[in-house]
Amino acid sequence: MRSFLVLVSALILCTGCSSCSGQKKAEERQIQQREDIIEANRRIIEEEARLIDEYIAERNLPMQKSRSGLRYSIEPLGSGEKPREGQVAVIEYESFFLDDSPLGPSGKSRMQIWVNQDHTIRGLLEGVQMMRVGDSAKFILPSHLAYGVQGIPGEVPSRATVIFDVKLIAIN
């Protein structure tokens, strides 16, 4: 009887250890997959930054970079106020991709931006909040500040860098 209990205990331990081993291997695979995804995204972000830097250098643009990664150049032509939370900024803009092809209709358009609202393009909102009424600016939005990984099917490709030439017309 005693040897039977020892045998059963040994079988339980072996079964338990092999399932633990299998679980551990599955966890290790998940960790490796996460690390691979992080590395792939890091390479994509580095390549996008390189392309933006190349675009700026080729055109000799005097751009600055915010902490979020927004590249901007503001021509301080205005003396008005900067938009604040709860206000609506009215802008005139043109938008392009890095290859200078237009995003949306060619020519200037107008848009209202509700300051600190979730539905506004993050990089555009960040840039407009740095402007005063009457200022003109160029913003280069890396994809994470523009339309992201998903883009807009049929209009904006996945991970597209977007450029906005903007004039802040009014604040309501």
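What you see is a predicted model; the values in this text were computed from it and never measured.

We now examine the confidence of the model for the chain. On average, residues of the chain carry a pLDDT of 88, and 88% of them reach 70 or more. Per-residue pLDDT, averaged within each element of the chain, yields its smallest value for helix H1 (residues 2-58) (78) and its largest for strand E5 (residues 136-141) (98).

This part covers the sheet that holds E5. Read from one edge to the other, the open sheet built from six strands follows the order E1-E2-E5-E6-E3-E4, with strand pairing classed as antiparallel. Edge positions in the open sheet fall to strand E1 (64-65) and strand E4 (109-114), since each of these has one partner strand only. Here E1 runs beside strand E2 (residues 71-75); their pairing, made up of two bridges, is antiparallel. Bridging from a neighbouring strand, Lys65 pairs with Arg71 of E2.

Moving on, we come to the pairing of strand E3 (residues 88-97). Burial runs high along E3: eight of the 10 residues are buried. With six bridges joining them, E3 and E4 adopt antiparallel strand pairing. Bridging across to E4, Glu92 finds its partner in Arg110. Strand direction decides the pairing type here: E3 and strand E6 (residues 162-171), joined by nine bridges, are antiparallel. Looking across to E6, one finds that Ser95 is bridged to Phe164.

Locating Lys138 in the fold gives a position in strand E5. With relative accessibility at 18%, the residue Lys138 sits in the buried group. Of note is the side chain of Lys138, whose polar atom sits 2.7 Å from the side chain of Asp165. For Lys138, the contacting residues outside a window of four places in its chain are Leu61, Met63, Arg71, Tyr72, Ser73, Ile163, Phe164 and Asp165.

Reading the values: the criteria
- The numbering scheme is per chain: residues are counted from 1 as the chain's sequence reads.
- In keeping with the predicted nature of the model, local features appear solely for residues at pLDDT of at least 70, side-chain atom pairs appear and are counted solely at 80 or more, and the whole-chain, interface and lining totals rest on all residues.
- Values shown for side chains rest on all heavy atoms present in the structure; no hydrogens or waters enter the calculation.
- By definition, pLDDT measures how confident the predictor is in each residue, and it falls between 0 and 100.
- Only runs of H or I of at least four residues qualify as helices and only runs of E of at least two qualify as strands under DSSP, and these elements are numbered from the N terminus.
- The criterion for strand pairing is that DSSP finds at least two bridges linking the strands in question.
- Accessibility here uses a 1.4 Å probe with only protein chains present; expressed as a share of the type maximum, an area under 20% marks a residue as buried, one over 50% as exposed, and anything in between as partly exposed.
- Between N or O atoms, a polar contact is any pair within 3.5 Å; within protein, one atom must be a potential hydrogen donor and the other a potential acceptor, and residues adjacent in sequence are included only when both atoms are from side chains.
- Pairs of residues are marked as contacts when any of their non-hydrogen atoms sit within 4.5 Å.

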